[in-house]
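Examination of the molecular architecture
As a plain string of letters, each chain reads:
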Amino acid sequence: MTDAAELRRRTRALLERQPPASTDRLDFLRARFDAGLAWVHYPEGLGGLGAPRALQAVVDAELAAAGAPDNDPRRIGIGLGMAAPTVLRHGTEEQQRRFLRPLWTGEEVWCQLFSEPGAGSDLAALGTRAVRDGDTWVVDGQKVWTSSAHLARWAILIARTDPGVPKHQGITYFVCDMTDPGVEVRPLRQLTGEAEFNEVFLTGVRIPDSRRLGAVGDGWRVARTTLMNERVSIGGMRLPREGGMIGPVVRTWRERPELRTHDLHQRLLGLWVESEVARLTAERLRQQLVAGQPGPEGSGTKLAFARLNQEISALEVELLGEEGLLYDDWTLRRPELVDFTGREAGYRYLRAKGNSIEGGTSEILLNIVAERVLGLPAEPRTDKDVAWKNLAR
């Protein structure tokens, strides 16, 4: 299935069977998945046709022209960008068939239970424990900075199953049902006033061994698949020219000449060029994904994304002067998604501060780029061969 004409034929056949104007949205999305047109590079039976990833654009263009509904990808970004590729690569056939369809249609929202109060940048130091009890695992611990936990049905979870080995070796990867007893989600209010993130407390949560992804103790390798895809999904999102954070600043500049100064002009030109370079680099990275799994290069795009968002939003606030200090609403809200371009400049400025933390801190990503992309000597690590239980905490 490598022919664009055949994909167009299949897409048009779907539109004839399920006319978007008269078909329930969820029914249409399910039919699209079953026709292999959800993500065409996935295997047959799992929403795809085993076609080249680049041909997804052919399907998307046909559907958009017909006014077909999408699956609201911003709302289910964690599922699409992180859980799905991990389940596809490491899950059993039964797990793939159970999780991928409702994940893609948006019937089931996913979140990520990775970071902990004592294991953020050094994620492998995590202390949440999973102890085996027959065919189940009993999980106790705390996770933090969990986007969409208040909406999610499922979570990708890593926990320590063997404290007697070095920290990277004693981790196992699970799928956790967020509706199970012992799962408590608490809002975590942030700088914007919203509670987009959450703390999650796990107390005696029982997870069947059938919801383990990968082998026992192999969770770090599985988690790396998630993390690499996460960085690509954050930093490598597809944008049009002047899309993303640079767009509102450019519009303000063109529409309000009274705000312009020579210094601001020079800074805006530089950030416009850098934004375009980052956009094209992300496009090249997505094309490289056609040949295989994402590599450490995704860390570079995520680094650029964070730095540019912060610099652009700071320039926008300065350009607007007193207006840039205004903020619409500090009420505690629990949004379903992050809307960078649909809010005012003050929101963008505050929310962008989190871009250099979420999805891997910029400091850690700089190390990854230095060591795995540039081949520079690794930093000394004294805890590499020490059992996790013997580490100083």
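Calculation notes
- Residue numbering note: each chain is counted from 1, following its sequence as written.
- Given that the model is predicted, a residue must reach a pLDDT of at least 70 before its local features are reported, and side-chain atom pairs must reach 80 or more before they are shown or counted; all residues, however, enter totals for whole chains, interfaces and linings.
- Only hydrogens and water are set aside when side-chain values are computed; all heavy atoms of the structure are taken into account.
- Note on geometry: axes are C-alpha line fits, over the in-contact stretch for helices, and angles between N-to-C directions span 0 to 180 degrees.
- A helix here means a DSSP run of H or I that spans at least four residues, while a strand means a run of E at least two residues long, and both kinds are numbered starting from the N terminus.
- Convention used here: angles under 35 degrees read as roughly parallel, angles over 145 as roughly antiparallel, angles from 65 to 115 as roughly perpendicular, and any remaining angle as oblique.
- Take the far helix as the reference: if the near one is turned anticlockwise from it by less than a right angle, the crossing is left-handed, and if turned clockwise, right-handed.
- Here, residues are in contact when the closest pair of their heavy atoms is within 4.5 Å.
- Ten residues, namely Ala, Val, Leu, Ile, Met, Phe, Trp, Tyr, Cys and Pro, are considered nonpolar, four, namely Asp, Glu, Lys and Arg, are considered charged, and the remaining ones, Gly among them, are considered polar.
- Expected span, for any helix, means 1.5 Å times one less than how many residues it has.
- Bend is the name given here to the angle between axes fitted to two runs of seven residues, the run ending at a residue and the run starting at it.
- Using a 1.4 Å probe on the protein chains alone, a residue whose accessible area is under 20% of its type maximum counts as buried, one over 50% counts as exposed, and one in between counts as partly exposed.
- Residues enter a patch when their relative accessible area is above 30% and they make no salt bridge; the linking distance is 9 Å between like charges and 5 Å between nonpolar side chains (Val, Leu, Ile, Met, Phe, Trp, Tyr).
- Method for areas: the Shrake-Rupley scheme with a 1.4 Å probe, in which residue coverage is limited to the protein chains shown.
- Any carboxyl oxygen of Asp or Glu within 4 Å of a side-chain nitrogen of Lys or Arg constitutes a salt bridge here.
- We define a polar contact as two N or O atoms separated by no more than 3.5 Å, with the added condition that, inside protein, one atom must be a possible hydrogen donor and the other a possible acceptor, whereas residues neighbouring each other in sequence contribute only through side-chain atom pairs.
- Here a Phe, Tyr or Trp ring, Trp counted by its six-membered ring, pairs with any other such ring whose centre lies within 6.5 Å, and the pair is stacked when the planes are under 30 degrees apart, edge-to-face when over 60, and tilted otherwise.
- By the criterion adopted, a ring carries a charge over it if an Arg CZ or a Lys NZ lies within 6 Å of its centre and within 35 degrees of its normal.
- Here, nonpolar core means buried Ala, Val, Leu, Ile, Met, Phe, Trp, Tyr and Cys residues that are tied together by side-chain atoms lying within 4.5 Å of each other.
- At least two DSSP bridges between two strands are needed for those strands to be called paired.

1. Some thoughts on the packing of helix α4 (residues 77-90) against helix α5 (residues 93-105)
To describe two helices that pack against each other, one gives the angle between their axes and the distance between the axes. In the contact formed by α4 and α5, the axes pass within 10 Å of each other and the chain directions differ by 165°. By the angle between their directions, the pair α4 and α5 is classed as roughly antiparallel. α4 and α5 meet at a crossing whose hand is left-handed. Facing G79, L80, A83, A84, V87 and L88 of α4, the residues of α5 in contact are Q95, Q96, L100, L103 and W104. Considering only residue class, the contact of α4 with α5 consists of eight nonpolar, three polar and no charged.

2. Looking at α5
An α-helical turn contains 3.6 residues, so a residue and the one three or four places further along point in the same direction. Here α5 is 13 residues long and its end C-alpha atoms lie 19 Å apart, about the 18 Å a rise of 1.5 Å per residue gives. Helix geometry: α5 is bent most strongly at F99, by close to 25°, with proline P102 lying one to four residues after it. Turning to α5, its buried residues number three or more, namely Q95, Q96, F99, L100, P102, L103, W104 and T105. Those residues of α5 that are buried are in contact with α2 (25-34), α4, β1 (110-113), β4 (154-160), β5 (171-177) and β8 (212-213). Backbone geometry just after α5 places G106 at a positive phi near 85°.

3. Comments concerning a nonpolar patch on the surface
Judged by side-chain polarity, V373, L374 and L376 come together as a nonpolar surface patch covering roughly 280 Å² of accessible area. Here L374 lies in the segment after α11 (362-373). Take L374: its relative accessible area is 58%, and that puts it in the exposed class.

4. With respect to the environment of D383
Note on placement: D383 falls in the segment after α11. On a C-alpha basis, the gap between D383 and P166 in space is 7.7 Å, while along the polypeptide they are 217 residues apart. Only 2.5 Å separates the side chain of D383 from the side chain of K167, close enough to count as a polar contact.

5. Considering the pattern of salt bridges
Summed over all chains, the structure comprises 41 salt bridges. The salt bridge partner of D177 is R153, with a shortest N-O separation of 3.0 Å. Residue D177 is located in strand β5, and its partner R153 is located in the loop between β3 (136-143) and β4; the two are separated by 24 residues in the primary sequence. Across the pair R254 and E242 runs a salt bridge whose closest N-O atoms are separated by 2.9 Å.

6. Notes on α2
Among the residues of α2, F28, L29, A31, R32 and F33 are the ones counted as buried. Among the structural elements, α1 (4-17), α3 (56-65) and α5 are those in contact with the buried residues of α2. Near the N-terminus of α2, the side chain that reaches the backbone nitrogen of L26, with its oxygen 3.1 Å away, is that of D24. G36 sits one or two positions beyond α2 and adopts a positive phi of about 80°.

7. Overview of the side chain of R32
Inspection of the secondary structure puts R32 in helix α2. R32 sits in the buried class, given a relative accessible area of 7%. Those residues in contact with R32 that lie beyond four places of it in its chain are L14, L37, A38, Q56, V59, D60, L63 and W104.

8. Some details on the environment of L63
Considering the arrangement of structural elements, one finds L63 in helix α3. Given a relative accessible area of 4%, L63 falls into the buried group. Taking the C-alpha atoms as reference, L63 lies 24 Å from R279; in sequence the two are 216 residues apart. Once residues lying within four places of it in the same chain are set aside, the contact partners of L63 are T11, L14, L15, F28, R32 and A68.

9. Quick word on the packing of aromatic side chains
Counted under the stated rule, the structure contains nine aromatic pairs. Residues Y327 and W330 carry aromatic rings whose centres are separated by 4.4 Å and whose planes lie at 35° to one another, so their mutual orientation is tilted. Its relative accessible area of 16% is what places Y327 among the buried residues. Exposure remark for W330: the relative accessible area of 45% places this residue in the partly exposed category. Pairwise contacts between aromatic rings join F99, W110 and W154 into one cluster. Positioned over the ring face of F201 is R186, at 4.0 Å from the centre of the ring.

10. A short note on the nonpolar core
In terms of nonpolar packing, the biggest core is built from 32 residues, with W39, L100, W110, F114, I158 and Y173 touching the most fellow members. Put simply, the parts of the chain that give this core at least two residues each are α2, α4, α5, β4, β5 and α6 (219-235). Here the element with the most residues in this core is α4; it accounts for five residues. Counting residues in hydrophobic clusters, the runner-up holds 20 residues, among them A130, V139, A159 and C176.

11. Focus on the pairing of β3
In this structure, strand β2 (residues 129-133) lies alongside β3, joined through five bridges in antiparallel fashion. Within the sheet, the bridge partner assigned to R129 lies in β3 and is D140. Counting the residues in the hairpin turn of β2 and β3 gives two residues, including G134, whose phi is positive at 70°. Bridge analysis of β3 against strand β7 (residues 197-208) gives seven bridges, and the strand direction is antiparallel. Its bridge partner being in β7, V138 is matched across the sheet by R206.

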